[in-house]
Amino acid sequence: MWGRQRNLYSTYKRISSKERLNGNASEDSLGRSPSGVLKEAGLPSWKRSLPHVLVATLSSFLFGYHLGIVNDTLESISLDLSFRGSTLAEGLVVSTCLGGAFVGSLFSGWTADGVGRRRAFQLCALPMIIGASVSATATTLRGMLLGRLFVGMGMGLGPPVAALYVAEVSPAFVRGTYGSCTQIATCLGLMASFFVGIPSKELMGWWRVCFWVSALPAALLAILMEFCAESPHWLFKRGRMAEAEENTERLFGASHVKYAMAELTKSDRGDEVDTAKFSDLFIGRHVRVVFLGSTLLALQQLSGINAVFYFSSTVFTSAGVPSDIANICVGIVNLSGSIIAMVLMDKMGRKGLLLWSFSGMAISMGFQVIGASSLLSGSVVLYLSVGGMLLFVLTFSLGAGPVPSLLLSEILPARIREKAMAVCMAVHWVINFFVGLLFLRLLEQLGPQILYASFGIFCFVAVVFVRKNIVETKGKTLQEIEMAFLPAD
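Residues numbered from 1 in each chain as written. Predicted model: local features only at pLDDT ≥ 70, side-chain atom pairs only at ≥ 80, totals over all residues. Heavy atoms only, no water.

As annotated in an unreviewed UniProt entry, the protein chain carries the name Probable plastidic glucose transporter 3 isoform X1 and is attributed to Coffea arabica. Taken from UniProt, the Subcellular location (unreviewed entry) comment for the protein chain reads in full: "Membrane". (UniProt positions renumbered as here; feature names shortened; annotations may be inferred.)

Encoded structure:
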């Protein structure tokens with residue numbers, strides 16, 4: 001059986017990378033290719049892998065929930081813990097979580113590679129449960145910061161593992177759709193935090209309930225993941241062939257095991273049994289994909305999206321819109337765009353969505369710049385400021401939000417996928433931290449026009465970068481994408 005799969009791989013390797021990724025390789029040039037095996041078996045049922053994907057997205061739900069839970073509760077937390085009026089303390093409650101996420105993201109690759117995807121999810125849930133409990137019972141600022149640090153570590157660990165797992169257990173023809181589920185789960189988590197946090201302004205101590213609530217989905221993630229399939233990619237790389245076949249059958253059906261194992265063999269160039277070193281990410285043939293992933297996530301954050309999420313209430317309030325309504329509007333628009341992206345991901349493709357998304361975000365920032373000028377006043381400023389911000393969130397959720405993490409999990413080679421994802425996400429969290437930390441200060445010193453114009457320029461740079469460097473991956477297996485990106489030794 002394995003000798004036959006090696007022959008399939010050898011024949012496949014003679015076709016150029018460009019032909020493979022563009023889908024120009026014919027079955028005649030392959031002889032009896034794995035694609036022919038797929039056609040005989042038909043497409044795998046999307047229903048088999050869906051429950052596993054939905055359980056994995058609980059980590060994204062928690063990510064969104066903890067990202068937004070301090071938005072409405074920070075005032076009551078500061079009053080209850082006696083640090084009201086200290087902007088430094090309030091900033092630490094927010095940024096400590098981001099610092100913990102940076103630490104968690106650094107270890108996400110080693111965790112996912114060492115213990116597998118399922119155990120990594122369970123390890124992600126553990127600090128979230130501990131952190132939620134410590135935060136909910138905190139009586140001092142120090143206790144709150146400790147709880148937020150634990151929560152942040154779970155937040156940093158979860159999303160990279162979720163992106164890896166969803167990409168590896170999803171059939172190629174719906175991988176984009178399933179990849180969008182993580183973004184939708186994040187939006188639902190944000191909206192849940194907004195609604196759960198509403199009573200905190202009226203009920204003293206309600207913020208403690210808000211943190212206790214988050215422990216429930218974390219516990220559910222840890223329990224349900226015990227019944228989910230392990231990634232066949234990880235099992236194959238570990239040499240556990242029988243388990244890889246067994247879990248492939250759970251995810252795709254018995255008729256697709258042979259084809260799936262042949263696909264996994266394509267990327268086996270004799271080095272998969274070796275553990276990837278940190279230096280492998282920056283030396284040799286892996287440099288390009290790591291650079292592409294890191295740059296794409298950096299541009300995502302430099303677009304200013306998290307400044308919009310963190311401080312949307314301030315902008316809406318200055319325009320005369322209550323913060324509660326502002327948060328709900330932002331949440332609904334973000335969720336709506338993410339659902340549209342899920343529908344379009346496997347039809348329009350990753351690259352197209354990114355181009356339209358970043359272009360729309362640049363235009364939206366242009367509206368913000370015009371609205372902040374002294375040339376306009378009254379209702380026109382309101383429409384441009386509020387409308388521009390909502391359009392910015394909408395266009396972000398259509399592509400720049402869900403696509404980068406999915407694209408990373410697709411283009412990163414199997415040998416370095418876990419560790420490279422960790423490095424790319426660490427870049428994401430560093431820039432996220434500094435954008436959140438410096439936004440209000442830069443807004444005060446530079447003014448809204450210059451700051452929003454800077455965000456718009458980064459969006460335009462992202463359009464150019466995507467057009468020149470990103471290759472379409474929709475409908476391709478992870479092995480086809482990997483072999484197209486990496487030159488042969």
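Let us keep going from here.
*Asks:* Pulling in residues and values, what's your account of the overall build of the protein chain?
*Replies:* Secondary structure summary: the protein chain contains 23 helices and zero strands in total. Here the protein chain, with 489 residues, has 57% of them falling under the buried criterion. When contacts within the protein chain are restricted to residue pairs at least 6 apart in sequence, those whose partners lie at least 24 apart make up 83%. (Helix = DSSP H or I, 4+ residues; strand = E, 2+ residues; numbered from the N terminus. Buried < 20%, exposed > 50% of the residue type's maximum accessible area, 1.4 Å probe, protein only. Contact = heavy atoms within 4.5 Å.)

*Asks:* Please provide a residue-by-residue account of unusual backbone geometry, values included.
*Replies:* Look at Ser 82: it is not a glycine, yet its phi comes out positive at around 65°. Inspection of the secondary structure assignment puts Ser 82 in the loop between helix 6 (58-80) and helix 7 (87-115). Look at Ser 82 and you get exposed, because its relative accessible area is 67%.

*Asks:* How would you summarise helix 5 (residues 46-56) if you had to cite specific residues and measurements?
*Replies:* Along helix 5, the residues that are buried comprise Ser 49, His 52, Val 53, Val 55 and Ala 56. On an axial view of helix 5, the arc spanned by its buried residues comes to 160°, and they lie on one face. Taken together, the buried residues of helix 5 touch helix 6, helix 8 (117-136), helix 9 (141-169), helix 10 (175-197), helix 11 (206-224) and helix 13 (241-252). With a side-chain oxygen lying 3.2 Å from the backbone nitrogen of Lys 47, the N-terminal cap of helix 5 falls on Ser 45. (Arc of directions from axis to C-beta. Polar contact = N/O pair within 3.5 Å; in protein donor to acceptor, adjacent residues only side chain to side chain.)

*Asks:* Can you break down the side chain of Gln 301 residue by residue, with the values?
*Replies:* Along the chain, the position of Gln 301 falls in helix 15 (residues 287-302). Within polar-contact distance, the side chain of Gln 301 engages the side chain of His 428 at 3.1 Å. When neighbours within four sequence positions are excluded, Gln 301 is seen to be in contact with Asn 306, His 428, Ile 431, Asn 432 and Val 435.

*Asks:* With reference to specific residues and values, describe the nonpolar core.
*Replies:* Of all hydrophobic cores here, the largest spans 50 residues; its most connected members are Phe 121, Met 155, Leu 221, Met 225, Met 421 and Trp 429. When residues in this core are grouped by element, the largest group, 10 residues, is from helix 9. Each residue touching Trp 429, except ones within four places of it in the same chain, is listed here: Phe 63, Leu 98, Ala 101, Phe 102, Ser 105, Met 155 and Gly 156. (Core = buried A, V, L, I, M, F, W, Y, C linked by side-chain atoms within 4.5 Å.)

*Asks:* Describe the packing of aromatic side chains, with residues and values.
*Replies:* If you walk through the whole model with that rule in mind, you get five aromatic pairs. Aromatic side chains Phe 121 and Tyr 165 sit 5.5 Å apart centroid to centroid with 90° between the ring planes, which places their arrangement in the edge-to-face category. With Phe 121 in helix 8 and Tyr 165 in helix 9, this pair connects stretches of sequence that are 44 residues apart. Residue Phe 121 shares its accessibility class with Tyr 165, and that shared class is buried. Plain terms: the ring middles of Phe 291 and Phe 465 are 6.4 Å apart, the flat faces sit at 70° to each other, and that makes the pair edge-to-face. Taken together, the residues Phe 291 in helix 15 and Phe 465 in helix 22 (residues 448-469) connect sequence positions 174 residues apart. (Phe/Tyr/Trp six-rings, centres within 6.5 Å; stacked < 30°, edge-to-face > 60°.)

*Asks:* Residue-level account of the pattern of salt bridges, with values.
*Replies:* Taken as a whole and assessed by the stated rule, the structure comprises 15 salt bridges. Here Glu 226 ties to Arg 119 by a salt bridge, and the two come within 3.2 Å at their closest N and O atoms. Within this pair, whereas Glu 226 is found in the loop between helix 11 and helix 12 (232-237), its partner Arg 119 is found in helix 8, the two being separated by 107 residues in sequence. Of the residues examined, Glu 226 reaches a relative accessible area of 41% and is grouped as partly exposed. As a salt-bridge pair, Arg 350 and Asp 346 come within 3.0 Å of each other at their nearest N and O atoms. The residues Arg 350 and Asp 346 share a single accessibility class, namely buried. Because the salt bridges share partners, they merge into one network encompassing Asp 113, Arg 117, Glu 168, Lys 237, Arg 238, Arg 417, Glu 418 and Lys 419. (Salt bridge = Lys/Arg side-chain N within 4 Å of Asp/Glu carboxyl O.)

*Asks:* Now, about the packing of helix 6 against helix 11: what can you tell me, with residues and values included?
*Replies:* Taken N-terminus to C-terminus, the directions of helix 6 and helix 11 make an angle of 165°; their axes are 9 Å apart at the nearest point. Classified by the angle between their axes, helix 6 and helix 11 sit roughly antiparallel to one another. When the axes of helix 6 and helix 11 are compared, the crossing they make is left-handed. Contacts from Leu 58, Ser 59, Phe 61, Leu 62, Tyr 65, His 66, Ile 69, Val 70, Thr 73, Ser 76, Ile 77 and Asp 80 of helix 6 reach helix 11 at Trp 207, Arg 208, Cys 210, Phe 211, Val 213, Ser 214, Pro 217, Ala 218, Leu 220, Leu 221 and Leu 224. (Axes fitted to C-alpha atoms, helices over the stretch in contact; angles between N-to-C directions. Parallel < 35°, antiparallel > 145°, perpendicular 65-115°, else oblique. Left-handed = near helix turned anticlockwise from the far one by under 90°.)

*Asks:* Before we move on, can you summarise the side chain of Gln 368 with the specific residues and values?
*Replies:* By the element assignment, Gln 368 lies in helix 18 (residues 350-371). In this structure, Gln 368 is in contact with Leu 384, Ser 385, Gly 388, Met 389 and Tyr 452, ignoring residues within four places of it in sequence.

*Asks:* An account of the confidence of the model for the protein chain is requested, with residue identities and associated values reported.
*Replies:* Looking at the protein chain, pLDDT values average 82 and 83% of them are 70 or higher. Throughout residues 1-39 the model reports pLDDT below 50, and contacts reaching past four residues in sequence, or to other chains, amount to 64 contacts. For residues 269-273, every residue scores under 50 in pLDDT, and the model assigns this stretch 14 contacts once sequence neighbours within four places are set aside. (pLDDT = per-residue confidence, 0-100.)

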